[in-house]
Amino acid sequence: QVQLVESGGGLVQAGGSLRLSCDASGSIFSISIMGWYRQAPGKQRESVAATTSGGRKNYSDSVKGRFTISRDNAKNTVYLQMNSLKPEDTAVYYCNALIRAMGNGPFYNYWGQGTQVTVSS
């Protein structure tokens, strides 16, 4: 079994910062892509940022320049540093990872349970 556990959400004023963490644990041989998605009330889940095991990163246009994704491969952990937060960043943030349990097995897609980020104006 594989688990993704997020932490670090909360309430912050506009212009503030938060740092999200996501720890992957369980039967893990390797992790390909790790990333963050978010879902605001009444909206579809959207990709925020992602990073490969080799360090390539991409961001949605809405967070580029404000959010930074990073990853500790040794700890199977991904982070999302969120600066200059805006009320429109308010959402449940979900961690996502493509994980292989065995050396010659397929990658499966896993999700965390989500952490609430609320930005007040």
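Quick notes on the rules
Residues numbered from 1 in each chain as written. Predicted model: local features only at pLDDT ≥ 70, side-chain atom pairs only at ≥ 80, totals over all residues. Heavy atoms only, no water. Helix = DSSP H or I, 4+ residues; strand = E, 2+ residues; numbered from the N terminus. Contact = heavy atoms within 4.5 Å. Disulfide = S-S within 2.5 Å. Buried < 20%, exposed > 50% of the residue type's maximum accessible area, 1.4 Å probe, protein only.

### Digging into the environment of Lys86
Inference 1: Within the secondary structure, Lys86 is located in the loop between strand 8 (77-82) and strand 9 (91-100).
Inference 2: Residues Lys86 and Gly10, 76 residues apart in the sequence, show an inter-C-alpha distance of 14 Å.
Inference 3: Discounting chain neighbours no more than four positions away, the residues touching Lys86 are Arg66 and Val119.

### Description of the state of the cysteines
Inference 1: One pass over the structure, following the stated rule, counts 1 disulfide.
Inference 2: The disulfide that involves Cys22 links it to Cys95, with 2.1 Å between the sulfurs. Its S-S torsion of about -80 degrees marks the bond between Cys22 and Cys95 as left-handed, since a negative value means left-handed. Of this pair, Cys22 sits in strand 3 (residues 18-26) while Cys95 sits in strand 9, placing them 73 residues apart in sequence. Across the pair, exposure class does not vary: Cys22 and Cys95 are buried alike.

Purely spatial values, then, with no claim about function.
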